[in-house]
Amino acid sequence: MKKLFFVLAAVTLFEAASLFAQSIPQDKESEYFYYNTPIERIYPYRRGYVIKYRKGTRELGTAYIPREWFDEAGGRGELINLAPGPAWPSLTIYYRSGEFSHVRLYIHRNKSHQSWGNIPAGVNLDEHFDNIDENYRLEF
């Protein structure tokens, strides 16, 4: 008798859950998609940031993110300072309807953190910052 009761209760809960899932309108789905990856090293440059990020399990990718994206209100970039502790910096790229929307860098404020690096004096990376447009894409 107890087994029958539990079976009926389980079936009833399953039916209720499936009805609830069907009642969620499809237009409530977000048009945003994001990709988050750990940052291996952040290099400040006079025109922005050079980010070495994880691309798969063994490869590193490089992102060049202009400083202007972080200076404008409602710009294309947002810097978020991590609290002191073991949290590791990360890069989050947001896409809206398949097109690049904005980027968030979760970084340590303290530049002595091991995730920060320095670009040697005399290295010119301007060409990498010249052609960044609305179709910004990173390879993951």
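This text follows the structure it describes.
Residues numbered from 1 in each chain as written. Predicted model: local features only at pLDDT ≥ 70, side-chain atom pairs only at ≥ 80, totals over all residues. Heavy atoms only, no water.

Caption draft 1: Focus on the pairing of strand β1 (residues 32-45). Sheet topology note: the β1/strand β5 (residues 90-96) ladder contains seven bridges and is antiparallel. The residue bridging Tyr35 from the neighbouring strand is Ile93, located in β5. Pairing of β1 with strand β2 (residues 48-55) involves six bridges; the strand directions are antiparallel. Within β2, the position partnered with Tyr43 by the bridge is Val50. The antiparallel hairpin formed by β1 and β2 contains two residues in its connecting segment. (Pairing = 2+ DSSP bridges. Helix = DSSP H or I, 4+ residues; strand = E, 2+ residues; numbered from the N terminus.)

Caption draft 2: Quick look at the nonpolar core. Ile51, Ile65, Leu91, Val103 and Leu105 are the most contacted members of the largest nonpolar core, which totals 17 residues. With four residues, strand β6 (residues 99-108) is the largest single contributor of residues to this core. Here Ile51 is in contact with Ile39, Arg41, Ile42, Gly61, Thr62, Ala63, Ile65, Leu91 and Leu105, once residues within four sequence places are set aside. In terms of nonpolar packing, the next biggest core, distinct from the first, is built from five residues, Tyr45, Val50, Leu125 and Phe129 among them. (Core = buried A, V, L, I, M, F, W, Y, C linked by side-chain atoms within 4.5 Å. Buried < 20%, exposed > 50% of the residue type's maximum accessible area, 1.4 Å probe, protein only. Contact = heavy atoms within 4.5 Å.)

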